[in-house]
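Working through the structure, step by step
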Amino acid sequence: GGIITQTPKFLIGQEGQKLTLKCQQNFNHDTMYWYRQDSGKGLRLIYYSITENDLQKGDLSEGYDASREKKSSFSLTVTSAQKNEMAVFLCASSIGDEQYFGPGTRLTVL
Amino acid sequence: QQQVRQSPQSLTVWEGETAILNCSYENSAFDYFPWYQQFPGEGPALLIAIRSVSDKKEDGRFTIFFNKREKKLSLHITDSQPGDSATYFCAASGIASSSFSKLVFGQGTSLSVVP
């Protein structure tokens, strides 16, 4: 078994602020993902990475940067937080078809 | 464009009843259909999955029925328990490479099981 850890659990930012979310996995999976979850809208893919130092844009990459400096970690940066934004950011890793999710980071922008 | 659609948006059943959650998709290339269960404050967890070569997949009280011709599938939860109260996501992907599987998620069905 393994686990995905996301930090911080809650993140409160100011409009225009640059914010970084972190994810660690000990499954030894090659592929990692960042999703955004908005109420009533399911999960939308922001970035994914199939190996260390690889980055691929998903459907919702505008306004975000990502970094995969080692196999076990994947970071997401909100480049300029939008006022009144509220969402949950979910990190996942996969082997084959099966994706495993972390508990999420809940972002609130004041 | 919503490629995976779920209905109903919310569902309430009595304890012991069968809950039926529906999902439909548009892309004929989709081959793999997992259902994820998410409790408040947690990330989604894989519950059960089916491939398009099968028309039924069973795991305890959870069963997926799949109709490839109509591009529809459903998740049946028999003998529903209050602990099953959660949001359920249907997802779909094409044939995965060894390194990547792009899942498209539906918007979720919120299930409440009343004792």
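Everything discussed here concerns the structure shown above.
Quick look at the structure, then. All residue numbers here refer to positions counted from 1 along the written sequence of the relevant chain. In the order they appear in the text, chains get letters beginning with A and ligands get numbers beginning with 1. Confidence filtering applies because this is a predicted model: local features only for residues at pLDDT of at least 70, side-chain atom pairs given and counted only at 80 or more, and all residues used for totals across whole chains, interfaces and linings. The basis for every side-chain value is the complete set of heavy atoms in the structure, and neither hydrogens nor water enter the calculation.

**A few points about the overall build of chain B**
- The secondary structure content of chain B amounts to zero helices and eleven strands.
- Segments assigned H or I by DSSP are reported as helices when at least four residues long, segments assigned E as strands when at least two residues long, and all are numbered from the N terminus. Reading chain B from its N end, one meets helices and strands in the order β-β-β-β-β-β-β-β-β-β-β.
- Radius of gyration: C-alpha atoms only; globule rule: 2.2 Å multiplied by the number of residues to the exponent 0.38. Over its C-alpha atoms chain B spans a radius of gyration of 14 Å, differing by no more than 12% from the 13 Å that the globule rule assigns to 115 residues.
- If one aligns the C-alpha atoms of chain B with their principal axes, the spans along those axes are about 45 × 30 × 25 Å.
- Each of the 115 residues in chain B was classed as buried or not, and the buried ones make up 45%.
- Contacts were defined at the residue level, with two residues in contact if any of their heavy atoms lie within 4.5 Å. Across chain B, every contact between residues at least 6 apart in sequence was considered, and the portion connecting residues at least 24 apart equals 55%.
- A 1.4 Å probe and the Shrake-Rupley method give the accessible areas. Residues count as covered only by the protein chains that appear here. Here chain B displays about 5,500 Å² of accessible surface, and carbon together with sulfur accounts for 47% of that area. Remark: exposure states derive from per-residue accessible area (1.4 Å probe, protein chains only) relative to the maximum for the residue type, with buried under 20%, exposed over 50%, and partly exposed in between.

**Focus on the environment of A:Tyr47**
All names here are of chain A.
- Of note, Tyr47 is situated in strand 5 (residues 43–49).
- Here Tyr47 falls in the buried class, since its relative accessible area comes to 8%.
- A sequence separation of 59 residues divides Tyr47 from Arg106, and the C-alpha atoms of the two residues are 18 Å apart.
- Whenever two N or O atoms come within 3.5 Å, that pair is a polar contact, provided that in protein one can donate a hydrogen and the other can accept it, and provided that, for residues adjacent in sequence, both atoms are side-chain atoms. There is a polar contact of 3.5 Å between the side chain of Tyr47 and the backbone oxygen of Tyr64.

**Overview of the side chain of B:Ser80**
Residue and element names in this part refer to chain B.
- Along the chain, Ser80 turns up in the loop between strand 8 (72–77) and strand 9 (86–92).
- Residue Ser80 is classed as buried on the basis of its relative accessible area, which comes to 0%.
- Discounting residues that sit within four places of it in the chain, Ser80 has contacts with Val13, Trp14, Glu15, Gly16, Glu17, Thr18, Ala19, Arg61 and Val113.

**Quick notes on the pairing of strand 1 (residues 4–7) of chain B**
All names here are of chain B.
- Because side chains alternate across strand 1, one face comprises the buried residues Val4 and Gln6, and the other comprises Arg5 and Ser7, none of which is buried.
- Two strands pair if DSSP finds at least two bridges between them. Alignment of strand 1 against strand 3 (residues 19–25), held across four bridges, turns out to be antiparallel. Of the residues in strand 3, the one forming a bridge with Gln6 is Cys23.

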